[in-house]
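# Coordinates in review
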Amino acid sequence: MSVMKNRAVLRWLVPVTAGVAVIGGGAAVGTFAAGADPALPPRSAAQLLEDLRTSRLDGLSGTVVQRADLGLPPIAALAGRAAGNDLAGLVSGTHTLRVWYGGEDRQRLALVDTLGEQDILRNGRDVWTWNSRENTATHRTLPADAPDRATVPATPADAADRALEAIDPTTAVTVGRTATVAGRDAYELVLTPRDKASLVHQVRIALDAKEHVPLRLQVLADGQDEPAFQVAFTQVDFRTPEADQFRFNPPPGVKVTEATEDERPGPAGKRFDRKDAEKPDVRTVGTGWTTVVVAKIGDAATDGGAKPGADAPDAQMLAQVLGDLPKVSGDWGSGRLLSGKLFSVLLTDDGRVIAGLVTPERLYEAAKG
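Residues numbered from 1 in each chain as written. Predicted model: local features only at pLDDT ≥ 70, side-chain atom pairs only at ≥ 80, totals over all residues. Heavy atoms only, no water.

### A word on the packing of aromatic side chains
Under the criterion given, the structure shown has three aromatic pairs. Centre to centre, the rings of Trp 130 and Phe 248 are 6.4 Å apart; their planes meet at 50°, and the pair counts as tilted. Residue Trp 130 is found in strand S7 (residues 126–131), and its partner Phe 248 is found in the loop between strand S14 (229–237) and strand S15 (255–258); the two are separated by 118 residues along the sequence. As far as the burial class goes, Trp 130 and Phe 248 line up, both buried. An aromatic cluster of at least three residues, connected via ring pairs, comprises Trp 128, Trp 130 and Phe 248. One residue, Arg 108, lies across the ring of Trp 100, its end atom 4.4 Å from the ring centre. (Phe/Tyr/Trp six-rings, centres within 6.5 Å; stacked < 30°, edge-to-face > 60°. Helix = DSSP H or I, 4+ residues; strand = E, 2+ residues; numbered from the N terminus. Buried < 20%, exposed > 50% of the residue type's maximum accessible area, 1.4 Å probe, protein only. Lys NZ or Arg CZ within 6 Å of the ring centre and 35° of its normal.)

Given below as structure tokens:
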């Protein structure tokens, strides 16, 4: 299977974390490079991209750790809880996951924390989600004509896919230092946005020197020395996992919910209607790293009040956080601003959400337009 020809595979190959993980109440410190940089034969950026394009992968398993320090309030985790998606908390803090990949129709991800485990599995047409804390599971059967692609929801590793898609005239591609990641020698591709309005300074992708697949991704914000977001294997095995790894065996007492064809599986035991997931009126402004997304979502909810029918207390908590965001205004109108190290989000009072990997000033320009 060609890695570059299958975007879903890239989302799985570039792992899900780095740093210090708290497991079972104890602190586990993981480092991605130890000792001197390995001595590897010189490779140009073009050669490394060709290595990545032509690499083939039948399977892998491993442990990945994700660390995100985006300089944001806890709004991301609250937004996920209000929507019934605990996995949304991956956008902040440090998290440890186990991943297994056995082909385009076999994937498994397990998020491990101090309170339990959440699993998402695909085995052929069967997709399962399971929450050990609540002992609930959701099962969905994919249609026969479902495309061969990874069905497990994208993790922050999806950022690597987006970074590779950004290789165009707006990006300078160079070779960085060699490294040791999860005990394996790796080359480093460095993507640098040319437009200074981008909050992204660099994206660094470490490629396995032998298998030519991504082992680590780091995103550095403008003016920062440490990654604002990084994902990396701490252990990896390129052998194809046994088939049993992708079979879900419901534990005793589990509550199983069957998702219908019009529903997509959310966290275990919770369902979301497909109509609720329809995209709002969306357009983009600009190109490359400074692309700004403008979405019309109807009546604004930036005054801190929960919308009618909102589930308490999570939706009310989310509305309160939104209401606590700083107020901003200009010749474009008024609203509230959520800003972090890597991106900015503007929620206007006229019901628009404007976001990008850019400075707030670029958002204001888009809002005026």
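### Looking at the environment of Ala 179
Counting through the fold element by element, Ala 179 comes out in strand S10 (residues 179–181). Judged by relative accessible area, which is 6%, Ala 179 ranks as buried. Between the C-alpha atom of Ala 179 and that of Leu 40, which follows or precedes it by 139 residues, the distance is 9.6 Å. Among all residues touching Ala 179, those that are not within four sequence positions of it are Pro 38, Arg 184, Asp 185, Ala 186 and Arg 216. (Contact = heavy atoms within 4.5 Å.)

### With respect to unusual backbone geometry
Residue Ala 182 is not a glycine yet carries a positive backbone phi of 55°. Look at Ala 182 and you get partly exposed, because its relative accessible area is 22%. A positive phi angle, near 65°, is found at His 212, a position not held by glycine. Residue position: His 212 is located in the loop between strand S12 (200–208) and strand S13 (214–221).

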